[in-house]
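# A closer look at the structure
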Amino acid sequence: MTTQHQKEASGMRTPHRRDISARQDLLGRELRQLFDDYTQEDMPDDLQKLAEQLQAAFEGRGEDEPEPVQNGKDKAESEAGKPGPDGAEG
C-alpha cells in the first residue's frame, strides 16, 4: 500500500489549500469581532481618569488641565484632610 492509500485508509487526509484558507478567514473574522466587541465596552471611570492623566503626562500638561493625582487623591481630596488655618479639618 502507498502512503496516500495508507492516509485514506486511516481516515486522515491532507487538507486542501482552500480549506485551510477558509478556516483562516473564519478565524480572522471571529477574532476581529471579539476585538471589536471588547473595544466597544465601557471603561470604568477610575481607569478612564488614570488613562487621561497618563496621556496628559506623556503629551505635556497644559495650564487648563488638572494636576495629576498623587497617592490616589486629587488636590481637593488631599486638602480636605489637612487642617485649616484655624486647626479644623477641611
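Residues numbered from 1 in each chain as written. Predicted model: local features only at pLDDT ≥ 70, side-chain atom pairs only at ≥ 80, totals over all residues. Heavy atoms only, no water.

### Observations regarding the overall build of the protein
A count of helical and extended segments in the protein gives 4 helices and 0 strands. Each helix (α) and strand (β) of the protein, taken in turn from the N terminus, gives the series α-α-α-α. In the protein, which comprises 90 residues, the share counted as buried stands at 2%. (Helix = DSSP H or I, 4+ residues; strand = E, 2+ residues; numbered from the N terminus. Buried < 20%, exposed > 50% of the residue type's maximum accessible area, 1.4 Å probe, protein only.)

### Some thoughts on a nonpolar patch on the surface
A surface patch of nonpolar side chains, about 540 Å² in accessible area, is lined by Met43, Leu47, Leu50, Leu54 and Phe58. In this fold, Leu54 is placed in helix α3 (residues 45–59). The class for Leu54 is partly exposed, based on a relative accessible area of 45%. (Patch = residues over 30% accessible without salt bridge, like charges linked within 9 Å, V, L, I, M, F, W, Y side chains within 5 Å. Areas by Shrake-Rupley, 256 points an atom, 1.4 Å probe, with all protein chains shown as cover. Salt bridge = Lys/Arg side-chain N within 4 Å of Asp/Glu carboxyl O.)

### Re α3
Between its first and last C-alpha, α3 extends 21 Å over 15 residues, near the 21 Å set by a 1.5 Å rise per residue. Phi turns positive one or two residues past the end of α3, at Gly60, with a value near 90 degrees. (Expected span 1.5 Å × (residues − 1).)

### A word on the pattern of salt bridges
Applying the stated criterion across every chain, the model contains 1 salt bridge. Across the pair Arg13 and Asp19 runs a salt bridge, and its minimum N-O distance is 3.9 Å. The exposure class of Arg13 is exposed, given its relative accessible area of 56%. For Asp19, a relative accessible area of 24% corresponds to the partly exposed category.

### Some remarks on the confidence of the model for the protein
In this model, the protein carries an average pLDDT of 77, and 56% of its residues clear a pLDDT of 70 or more. At the level of individual helices and strands, the protein shows its lowest average pLDDT in helix α1 (residues 3–9), which scores 57, and its highest in helix α2 (residues 17–39), which scores 94. (pLDDT = per-residue confidence, 0-100.)

### Some points on a negative patch on the surface
On the surface, Asp36, Asp37, Glu41 and Asp42 cluster together into a patch of negative charge. Summarising the element assignment, Asp36 is placed in helix α2. You can call Asp36 partly exposed: its relative accessible area is 40%. (Lys, Arg positive; Asp, Glu negative; His and termini not counted. Charge placed at Lys NZ, Arg CZ, Asp CG, Glu CD.)

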